[in-house]
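# Close look at the chain arrangement
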There are 2 protein chains.
Amino acid sequence: MAAAQLTTDRLAETHRPTLDQALETIRTRAYWSPHPEHPKAYGENGSLSAADGLAAYESLLNSRFELDQPGTDGWTGGEVSPYGPALGIEYPHADIEVLLPAMRAGMAAWRDAGPETRALVCVEILARISARTHEFAHAVMHTSGQAFMMAFQAGGPHAQDRGLEAVAYAYAEQVRTPQDAGWSKPQGKRDPLELQKAFTPVARGIALMIGCNTFPTWNGYPGLFASLATGNAVLVKPHPRAVLPLALTVRVAREVLAEAGFDPNLVALAVERPGEGIAKTLAVRPEIRIIDYTGSTAFGDWLEANARQAQVYTEKAGVNTVVVDSTDDYKGMLSNLAFSLSLYSGQMCTTPQNLLIPREGITTEQGPKSYDEVVADLSASVAGLLGDDARANALLGALVNPDVKTRLEAAAALGEVALPSREVANPEFPDAVVRTPVIVKLDGAKPDDEAAYMSECFGPVSFAVAVDSTADALELLRRTVREKGAMTVGAYTTSADTERAVEEVCLEESAQLSLNLTGGVYVNQTAAFSDFHGSGGNPAANAALCDGAFVANRFRVVEIRRQA
Amino acid sequence: MAAAQLTTDRLAETHRPTLDQALETIRTRAYWSPHPEHPKAYGENGSLSAADGLAAYESLLNSRFELDQPGTDGWTGGEVSPYGPALGIEYPHADIEVLLPAMRAGMAAWRDAGPETRALVCVEILARISARTHEFAHAVMHTSGQAFMMAFQAGGPHAQDRGLEAVAYAYAEQVRTPQDAGWSKPQGKRDPLELQKAFTPVARGIALMIGCNTFPTWNGYPGLFASLATGNAVLVKPHPRAVLPLALTVRVAREVLAEAGFDPNLVALAVERPGEGIAKTLAVRPEIRIIDYTGSTAFGDWLEANARQAQVYTEKAGVNTVVVDSTDDYKGMLSNLAFSLSLYSGQMCTTPQNLLIPREGITTEQGPKSYDEVVADLSASVAGLLGDDARANALLGALVNPDVKTRLEAAAALGEVALPSREVANPEFPDAVVRTPVIVKLDGAKPDDEAAYMSECFGPVSFAVAVDSTADALELLRRTVREKGAMTVGAYTTSADTERAVEEVCLEESAQLSLNLTGGVYVNQTAAFSDFHGSGGNPAANAALCDGAFVANRFRVVEIRRQA
């Protein structure tokens, strides 16, 4: 192997300050990000400008995506943008009998490099991805259906932040135990017993990262980088409709690994042929010792039950609730909720679904508001937010797949429609399916309605559930989190007692709670280094992004001791 | 509830320095223990003397062990000492439909107490146990069959050390995230987005600790204290033959919890009626969210497969190997190995079973030694060590159950016996079954022999396996660890290349390695705060004592954020 172009010294000089700041921030949980959110921040210092990013993306279309990984036995791919166009990209299809052994070959050297070098190589990968954020933004937009600005931010800097956060946790966890230790045990008048001990973090094996359709990078990077930074090889299995953002990621990772003197096969891509279902095949291979998965509850549960040889980290589905009890900023509450329901057409695992509103109404600084008034005012707020088609397109993006459209259309039959969904034309992409959210009134006490609001209805569908009281809302919240899980809980109240009561439910049921958000922070958004995404303690997910538990079991520590 | 006698201030004054030293030592991994190993160190400052400890133990015999826990629906117990006498103790039998809900009642207050208070309460529990080490020593001796000194040390200070180590890890993990954080995100010329965030470690639920027969306290304390310190209630289900040490532990824990103002039902005991099999019933109860288990591979695998609602930490069986390649201290090697094979009649999960010796022999500072010579010299070393009956009794203890005796007797038929097992009379306890180890010669290349050495033969049975070469030994070591697991690996070599090769096998297969031990440290012994017990990365155990992974998933962090 040629001498490494990226030496450890150079990596440390460039990236150690970033790693240190990340390590500091996961302790303070203050605001920080090294990855600019604004598109205009790019185009200098080697990063792609908006125009260059678009050109880079377009150059990928209608061609083969070359990756020099072993075991390529054909080409496959059929991504079609939720905005209409087919991407026309073919990816290498891997013979896993060749690829998996090749991925193991470089693991000893990757282990011997140690935690710091692994972390710095990961930071370099993220830095190169960051420099191409404009290119990634188009790739995310045209696979997830996110609007451009969201694809740019959530698919770019926010995803990179989550990746860096995982690298920081992985590094911190590995260096908690020293590399070496002397041990001297007194023996009274005799000589002490003395040992020299060496501690080495060792990988579990090959990690499998199973990507999702809606947030291929944001949900994919934490597992990918946590596994790589802890010494594992990582096989990336993208969702068949969202391959490109992860294929680009794998390409960058392989480039950096090779330049740093490591085997590029430590990161590889496994794209499936239509209907091949390789996730199931890969998940139970003995070489696969870690799995990260974001997607349906059914497959997440299957992985947890069947991939017994692996550590399995899942983010599945939940039913997110907002309890509306009272507010001293009625307009702020409505506009905050309206935005949360609208962003990316409600296709976030964190989007609120059930709004629990007392049927007697709520108190506000504008006086009491009846249940019907609250629902009507919220509907008006959503309609106002999305009244302008350009703004609607920029917020909603496109429906990611036809199932979402089917669910949306069926939702109108579940109850009284307070706000009908509206079709929005997208002048740039006439084939995009763009819809505003529907708000359906349900009665918390009716069994038929319960069947609706106690199921996840993924997409732009919200239920305004009339409940007998706030106490009733809290019991329903508790039952929903316990039985269905939740990625987020929101609550609005001016009562200290109610606040304490909703906090108690969330503490007891392990749900992340946002209280009285009326400004520019939304219940469905979390910030890396500060907010936890999911709790790992309710059925929506068995892990949180990102904490010690997310990284600590991706490696083991081998001790070698000898007489001093 | 009455005002707490043990205030937080008093606990902090007494125990915070101990906690701080434990936190420091898990970072440096130097030698440290706050729990004296020598029996004569006890008897002052409130701790029981040898005589008082024995009297306390004897006062427990032939009576009911009262515990004021809810749901007692009868009495059960039938412990018989491996040294002969029946203990005659009856324990409360619990109606779990009453006990489990009662255990949950105090969890909110235990959560609200926070990580530091929980840790200090745990340290107080350990301190009170430490003061009664002489009493515990007899309880451990007469349930495990360990000789008195081993029961005293391993069942007393060493177990307490492992408990304290778990408390330190649990505390450190919970305080990695601050209780509160301010978050301010710049918005260019607009006001920053500002949030106030609170982070609370929350329990998973009720933890079930399933104790083992051989090391009820040493193997039980890490899980018990890790779960309790992270906010969980803990239900202790002892092995039916080793109830007393854990019943005493539960009693002390309940006393301390009550004195500190917490619900004593946070720790409770579940003793089973003969043949009741309550571990299986409890393990799949929805209230049980954490399980710690030490015991057979079969039941450990069953727990991992079936207790899907819980985090399951298992230490199962493995096949421990020592590779004998060469040495520059032949006598030291032999005496070190002889001690390891003899201690507690080889009834440790860390006792070496397979000694891999090249059939061409080894090199030593005394010149070359043939395979036959090495086996004969080792046999002589064991025979010498155990030649004196008093010393033999002090080292061997008693066989813990009749199955061990059956296996020992059957082992002689597996191959040529290099050292026959010898029956040792115990004048103090004539009914004790005391046996010296058998050493059986096997041929690594013979399939019949392979069936023997590739299975765990728990008890005082070792196989001197002739292999073609050291390289052959390393391949067999690799295969053994991969297929059967290992708690320990030992190796003797004067070759740097061989040392590196055996290290590589252990790094790749996640096994803990002791190199060239010829003095007073033995491959089957690990020290808390410094040595890892098991790796959690091979089939012998899915967790290590103690590391971040052992504690990080016993709690979750709930974030509550609100606009600042």
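The structure under discussion appears in the preceding block.
Worth saying up front: this structure is predicted, and the values here are computed from it rather than measured.

## Re the overall build of chain A
Counting its secondary structure elements, chain A contains 19 helices and 19 strands. For chain A, whose C-alpha radius of gyration is 25 Å, the value lies close to the compact-globule estimate of 24 Å for 564 residues. Across its three principal directions, the C-alpha atoms of chain A cover 80 × 70 × 45 Å. A total of 564 residues make up chain A; the buried ones form 63% of that total. Of all intrachain contacts in chain A linking residues separated by at least 6 positions in sequence, the fraction that spans at least 24 positions is 75%. When the accessible surface of chain A is split by element, carbon and sulfur atoms take 51% of a total near 19,100 Å². Chain A carries 47 positive and 69 negative side-chain charges, and their two centres are separated by 8 Å.

## Section: helix α13 (residues 371–385) of chain B
Residues and elements named next belong to chain B. Here α13 is 15 residues long and its end C-alpha atoms lie 21 Å apart, about the 21 Å a rise of 1.5 Å per residue gives. Buried residues of α13: Tyr371, Val374, Val375, Leu378, Ser379, Ser381, Val382 and Leu385, and no others. One side of α13 carries all its buried residues, which in axial view fall inside an arc of 160°. Its buried side turned inward, α13 meets α12 (330–342), β11 (354–358), α14 (389–396), β12 (416–419), β15 (438–443) and β16 (461–467).

## So, the interface of chain B and chain A
Contact with chain B, which involves 80 residues of that partner, is made by 80 residues of chain A. In this assembly, chain B packs against chain A so that about 6,100 Å² is buried in total across both faces, 46% of it on carbon and sulfur atoms. Between chain B and chain A we count 18 salt bridges in total. Of the charged contacts, one joins Glu499 of chain B and Arg562 of chain A as a salt bridge, the two residues approaching to 2.2 Å between their closest N and O atoms. Counting every contact that joins chain B to chain A gives 46 residue pairs in polar contact (both at pLDDT 80 or more). For the side of chain B that touches chain A, the element with the highest residue contribution is strand β19 (residues 555–563) of chain B, accounting for 8 residues. Taken together, the residues of the side of chain B that touches chain A sort by class into 33 nonpolar, 22 polar and 25 charged. Bridge analysis of strand β19 (residues 555–563) of chain A against strand β18 (residues 513–515) of chain B gives 3 bridges, and the strand direction is parallel.

## Thoughts on the pattern of salt bridges
Pairs can form between side chains of opposite charge once their charged atoms are near each other. Evaluated as defined, the whole model comprises 82 salt bridges over all chains. Glu37 of chain A is the salt-bridge partner of Lys185 of chain B, the closest N and O atoms lying 2.6 Å from each other. Highlighted residues: Lys185 of chain B in strand β3 (residues 180–187) and Glu37 of chain A in the loop between α1 (8–28) and α2 (50–60), drawn from two different chains. When its relative accessible area of 12% is taken as the criterion, Lys185 of chain B is described as buried. Classification of Glu37 of chain A by relative accessible area gives partly exposed; the value is 24%. When the shortest N-O distance is used, the salt bridge between Asp68 of chain A and Arg254 of chain A registers 3.2 Å. One end of the pair, Asp68 of chain A, is in the loop between α2 and β1 (72–76); the other, Arg254 of chain A, is in helix α9 (residues 244–259), and 186 residues separate them in sequence. On the accessibility criterion, Asp68 of chain A (65% relative accessible area) is exposed.

## Things to note about the relation of the copies chain B and chain A
For the pair chain B and chain A, the relating rotation is 180°, the translation along its axis is 0.0 Å, and the fit reaches an RMSD of 0.0 Å. Such values leave the two copies arranged in the relation of a two-fold axis. When C-alpha distances to the rotation axis are compared across chain B, the minimum falls at Ala549 of chain B, with a value of 3.2 Å. Mapped onto chain A, 100% of the interface residues of chain B again fall at the interface, so both copies present the same surface.

## Quick notes on the state of the cysteines
All names here are of chain B. A full pass over the atoms with the stated rule returns 0 disulfides over all chains. For the unlinked cysteine Cys122, the closest cysteine sulfur is that of Cys546, found at 12 Å. The exposure class assigned to Cys122 is buried, which follows from its relative accessible area of 0%. Here Cys506 is not cross-linked by a disulfide; its sulfur's nearest cysteine counterpart is in Cys349, at 16 Å. Assessed through its relative accessible area of 1%, Cys506 is described here as buried.

## Here we look at the nonpolar core
Ranked by size, the top nonpolar core spans 190 residues in total, and within it Leu235, Leu244 and Ile291 of chain B carry the most contacts. The greatest single-element share of this core, amounting to 10 residues, is contributed by helix α4 (residues 107–131) of chain B. For this core, the two domains that each supply at least three residues are domain 1 (8–23 + 96–179 + 200–316 + 544–555) and domain 2 (321–515) of chain B. Residues Ala147, Val256 and Val424 of chain A together with Phe555 of chain B belong to the second largest nonpolar core, which totals 189 residues.

## Looking at the pairing of strand β9 (residues 311–315) of chain A
Residue and element names in this part refer to chain A. Among the 5 residues that make up β9, 4 are buried, leaving the element largely enclosed by the rest of the structure. Where strand β8 (residues 288–294) lies against β9, 5 bridges are found, and the strand directions are parallel. By the bridge assignment, Thr294 is partnered in β9 with Glu315. With respect to chirality, the unit in which β8 leads through helix α11 (residues 297–306) into the neighbouring parallel β9 is right-handed.

## What about the sheet that holds strand β17 (residues 489–492) of chain A?
Pairing within the open sheet is mixed, and its 10 strands lie in the order β12(A)-β15(A)-β16(A)-β11(A)-β10(A)-β17(A)-β18(A)-β19(B)-β4(B)-β3(B). Of all the strands in the sheet, the pair left with one neighbour each is β12 (416–419) of chain A together with β3 of chain B. Adjacent strand axes in the sheet meet at a mean angle of 25°, parallel and antiparallel pairs treated alike. Strand direction decides the pairing type here: strand β4 (residues 190–203) of chain B and β19 of chain B, joined by 9 bridges, are antiparallel.

## Overview of the sheet that holds β9 of chain A
Residue and element names in this part refer to chain A. Here 5 strands make up an open sheet; going across it, the order is β7-β6-β5-β8-β9 and the pairing parallel. Of all strands in the sheet, those with a lone pairing partner are β7 (267–269) and β9, marking the two edges. Between one strand and the next, the sheet's axes are offset by a mean angle of 15°, whatever the strand orientation. The strands touched by helix α8 (residues 221–229) within the sheet are β5 (206–210), β6 (233–237), β7 and β8, with β6 carrying the most contacts at an inclination of about 160°. Strands β5, β6 and β7 of the sheet are contacted by α9, whose axis makes an angle of about 150° with β7.

Conventions and cut-offs
- Residues numbered from 1 in each chain as written.
- Chains lettered and ligands numbered in written order.
- Predicted model: local features only at pLDDT ≥ 70, side-chain atom pairs only at ≥ 80, totals over all residues.
- Heavy atoms only, no water.
- Helix = DSSP H or I, 4+ residues; strand = E, 2+ residues; numbered from the N terminus.
- Rg over C-alpha atoms; globule rule 2.2 N^0.38 Å.
- Buried < 20%, exposed > 50% of the residue type's maximum accessible area, 1.4 Å probe, protein only.
- Contact = heavy atoms within 4.5 Å.
- Areas by Shrake-Rupley, 256 points an atom, 1.4 Å probe, with all protein chains shown as cover.
- Lys, Arg positive; Asp, Glu negative; His and termini not counted.
- Charge placed at Lys NZ, Arg CZ, Asp CG, Glu CD.
- Expected span 1.5 Å × (residues − 1).
- Arc of directions from axis to C-beta.
- Buried area = accessible area lost by both parts, 1.4 Å probe.
- Salt bridge = Lys/Arg side-chain N within 4 Å of Asp/Glu carboxyl O.
- Polar contact = N/O pair within 3.5 Å; in protein donor to acceptor, adjacent residues only side chain to side chain.
- Nonpolar A, V, L, I, M, F, W, Y, C, P; charged D, E, K, R; others polar.
- Pairing = 2+ DSSP bridges.
- Least-squares fit on C-alpha atoms with pLDDT ≥ 70 in both.
- Disulfide = S-S within 2.5 Å.
- Core = buried A, V, L, I, M, F, W, Y, C linked by side-chain atoms within 4.5 Å.
- Domains from an automatic or database assignment.
- Right-handed = clockwise from strand over helix to strand, strands pointing away.
- Axes fitted to C-alpha atoms, helices over the stretch in contact; angles between N-to-C directions.

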